[in-house]
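# Inside the fold
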Amino acid sequence: MSLVMIVEDEAVLRSSMARGIRKLAGIETAEAGTLAEARRQLAACPPQLILSDIDLPDGSGIEILSELERQGSRIPVVFISAYLDAWIERIPTIPEIEVHGKPVGLEELRDIVTRRLNATAEETGALPFSVADYLQLACLGQHSVLIEVRATDGSLATLEIVKGNIWSASDAQGSGIDAFRRILFAPNHSAHCRSLQSHSLERTIFDDWQRLLMDAARLHDETAHEQELLKEATAQVDDVAEALASATENAFNTIWEEAISAMIERDYQRALKAFLQADAIAPGDRKVAANLARLKDMGVTLSEMEPTAEVHK
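Residues numbered from 1 in each chain as written. Predicted model: local features only at pLDDT ≥ 70, side-chain atom pairs only at ≥ 80, totals over all residues. Heavy atoms only, no water.

## Some thoughts on the side chain of R110
The criterion, for reference: Only DSSP runs of H or I reaching four residues or more are called helices, and only runs of E reaching two or more are called strands; each is numbered from the N terminus. Polar contacts, as counted here, are pairs of nitrogen or oxygen atoms within 3.5 Å of one another; within protein the pair requires one atom able to donate a hydrogen and one able to accept it, and residues that are adjacent in sequence qualify only if both atoms are side-chain atoms. When checking whether two residues touch, look at their non-hydrogen atoms; a contact exists if any pair is within 4.5 Å.
Within the element layout of this structure, R110 appears in helix 5 (residues 106–124). Within polar-contact distance, the side chain of R110 engages the side chain of E107 at 2.7 Å. Leaving out residues up to four positions away in the same chain, R110 has contacts with G20, K23 and L24.

Laid out in structure tokens, this is it:
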């Protein structure tokens, strides 16, 4: 499973990008609306790929490169921005960085993600065997091996097989059967297997390996199904939110056109009413605020009185 982090301050666009990317097999997404959120997520769970806007509310997306350098990470970054001309000279021209201008269609975005992740897998020499593969080979051949799993956050988990029997399992969260289940299907990890010269004195797992594997696979499938249902429900909520946002934008545009039309016709009270409605729909909009301030300076109110002659000058 590969994790793609999307750094974009426009919530609707960010949600749309995430939904589009998650349609690719084996892809999960993390979202950040600010540079600060991106930094926190990088520290908590580094992704395999970053898609980032440049002009963010609390800084430049280019600052993500400094954070990656501080962590000693070579995570590829794809910058997608409508203001490339203003930033292009500050973006390093290295293989890990790619730059695209907005807008980028979903199909093109999926192609970018697939290509970058495939290139990363080739460069890192991803191993062909999973933890479950190593486990089955060791148990079937009655070998003694140590399977080590290194997560992207640097933590190490171990699984010991002694003469074809699952002997012990431990990770950052604990040991025993729960650790075994976590290790078996851990996302974003690399697994290595080597011969076991000596094993731990304490055995923490005693069940037959085939039963353990089947039970773990069943629990994993159930969890994955629950997560898929949750993802579908979240996508439905996102669709509703996007529809509401679109309806709100349409309503604002209609009221705005009414207000501008009234201003042109010098029907200032009608314009004032329309601008107030627009302000209720989009509080703080600078264009609306400027026109409300202009009407206030002109002495226009919601009274039944006609504006003074000075208004028409």
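## Thoughts on the confidence of the model for the protein chain
Note the threshold: What pLDDT expresses is the predictor's confidence in each residue, scored from 0 to 100.
Per-residue confidence for the protein chain averages 83 on the pLDDT scale, and 88% of its residues sit at or above 70. The model gives residues 304–313 a pLDDT under 50, and that stretch makes eight contacts with residues more than four places away or in other chains.

## Structural notes on the environment of W87
The condition is simple: When accessible area is computed with a 1.4 Å probe and restricted to protein chains, residues below 20% of their type maximum are described as buried, those above 50% as exposed, and intermediate ones as partly exposed.
Mapped onto the fold, W87 is located in helix 4 (residues 84–87). Given the relative accessible area of 17%, W87 is considered buried. As a C-alpha pair, W87 and I54 span 33 residues in sequence and 7.9 Å in three-dimensional space. If near-sequence neighbours (up to four positions away) are discounted, W87 is found in contact with I54, S60 and I62.

## A word on the packing of helix 2 (residues 35–44) against helix 3 (residues 63–71)
Rule in force here: Whenever a helix is involved, its axis is fitted only over the stretch in contact; in every case the axis is a line through C-alpha atoms, and angles between N-to-C directions fall within 0 to 180 degrees. Angle categories: roughly parallel below 35 degrees, roughly antiparallel above 145, roughly perpendicular from 65 to 115, and oblique for all the rest. Definitions for this section: a left-handed crossing has its near helix turned counterclockwise from the far helix by less than a right angle. A right-handed crossing has that turn clockwise.
Running from amino to carboxyl end, helix 2 crosses helix 3 at an angle of 25 degrees, the nearest separation of the two axes being 10 Å. Looking at the two axes, helix 2 sits roughly parallel to helix 3. In the packing of helix 2 onto helix 3, the handedness of the crossing is right-handed. On the side of helix 2, the interface is formed by L35, A38, R39, L42 and A43, while helix 3 contributes E63, I64, E67, L68 and Q71.

## Comments concerning the sheet that holds strand 2 (residues 27–32)
Pairing between the strands of a sheet is mediated by backbone hydrogen bonds and can be parallel or antiparallel. As a reminder of what qualifies: In this scheme, strands are said to pair when DSSP sees at least two bridges between them.
Spatial ordering of the open sheet is given by 2-1-3-6-7, a layout of five strands whose pairing is parallel. The open sheet has two edge strands with one neighbour each: strand 2 and strand 7 (97–101). Each neighbouring strand pair of the sheet contributes to a mean axis angle of 20 degrees, computed without reference to strand direction. Note that strand 1 (residues 2–7) and strand 2 share six bridges and pair parallel. Directly across from V7, in strand 2, lies its bridge partner A32. Sheet contacts for helix 2: strand 1, strand 2 and strand 3 (49–52); angle to strand 2, the most-contacted strand, approximately 140 degrees.

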